[in-house]
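Now for the letters of each chain:
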Amino acid sequence: MQTSFQKYCYQSAVASLVGLIVLGILWELWLAPLRPGGSWMVLKVIPLLLPLRGVIKRDVYTLQWSSMLILIYLTEGLVRAASDSVPLSATLGWVEVALVSLYFFSVIYYLKPYKKAAKKIARETIAKATEKAAK
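What comes next is a walk through the structure.

Conventions used here
Residues numbered from 1 in each chain as written. Predicted model: local features only at pLDDT ≥ 70, side-chain atom pairs only at ≥ 80, totals over all residues. Heavy atoms only, no water. Salt bridge = Lys/Arg side-chain N within 4 Å of Asp/Glu carboxyl O. Helix = DSSP H or I, 4+ residues; strand = E, 2+ residues; numbered from the N terminus. Buried < 20%, exposed > 50% of the residue type's maximum accessible area, 1.4 Å probe, protein only. Patch = residues over 30% accessible without salt bridge, like charges linked within 9 Å, V, L, I, M, F, W, Y side chains within 5 Å. Areas by Shrake-Rupley, 256 points an atom, 1.4 Å probe, with all protein chains shown as cover. Polar contact = N/O pair within 3.5 Å; in protein donor to acceptor, adjacent residues only side chain to side chain. Contact = heavy atoms within 4.5 Å. Phe/Tyr/Trp six-rings, centres within 6.5 Å; stacked < 30°, edge-to-face > 60°. Lys NZ or Arg CZ within 6 Å of the ring centre and 35° of its normal.

Further remarks concern the pattern of salt bridges. Taken as a whole and judged by the stated rule, the model has five salt bridges. Put simply, Arg80 and Glu76 hold a salt bridge, and the shortest N to O gap is 3.3 Å. Residue Arg80 and its partner Glu76 are both found in helix H4 (residues 60-83); the two are separated by four residues, about one turn of the helix. Relative accessible area serves as the criterion here: at 16%, Glu76 is assigned to the buried category. Where salt bridges share partners, they join Glu28, Lys44, Glu76, Arg80 and Asp84 into one cluster.

Structure follows, in structure tokens:
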């Protein structure tokens, strides 16, 4: 059974992932593209689409690997926030950093009870195997 905090973390993860996808599309096509009229950089949202279905379905494995994938976008957001000469683009970089951070911590806290349960099962299994080996 999920706690209300876990439900909040799940909803935050989904919202921030969708927000990152929308931000990437708007940023590179209309708001502040690298080239006037849009940029091929919009393709950077494709990797974000890969875990979307699994995240919506609450797949633990997808949530785990997507929390590592998302760190690429943290790096991009920090670089563009610190180095873009266009003020809107730099601001969008900070928005990206905020959304990535929200996603990352939401996933970590959503998965915490699952990880704790997995460790408990692993300890019990090792204890049983050790007990059998000792006999």
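The rest of the description comes next.
With that settled, the discussion passes to a nonpolar patch on the surface. Together, Val18, Val22, Leu26, Trp30, Leu31, Val86 and Leu88 make up an exposed nonpolar region whose accessible area comes to about 620 Å². Residue position: Val22 is located in helix H1 (residues 4-31).

Mapping Thr62 onto the fold places it in helix H4. A distance of 2.5 Å separates the side chain of Thr62 from the side chain of Asp59, its partner in a polar contact. Dropping the residues within four chain positions of it, Thr62 is found in contact with Pro51, Gly54 and Val55.

With that out of the way, let us pick up the packing of aromatic side chains. This structure, assessed with the given rule, holds four aromatic pairs. Summarising the aromatic geometry, the rings of Tyr10 and Tyr110 are spaced 6.0 Å apart at their centres and angled 45 degrees between planes, so their arrangement reads as tilted. Here Tyr10, found in helix H1, pairs with Tyr110, found in helix H5 (residues 87-134); they are 100 residues apart in sequence, far enough to count as distant. With a relative accessible area of 11%, Tyr10 lands in the buried category. Overall, the relative accessible area of 2% leaves Tyr110 in the buried class. A ring pair is formed by Tyr110 and Tyr114, whose centres lie 5.7 Å apart and whose planes are at 45 degrees; its orientation type is tilted. Remark: Tyr114 and Tyr110 occur in helix H5; sequence separation between them is four residues, near one turn of the helix. Owing to a relative accessible area of 34%, Tyr114 belongs among the partly exposed residues under this scheme. Taken together, the aromatic side chains of Tyr10, Tyr110 and Tyr114 make up a single cluster linked through ring pairs. The side chain of Lys44 reaches across the aromatic face of Trp27, ending 4.2 Å from its centre.

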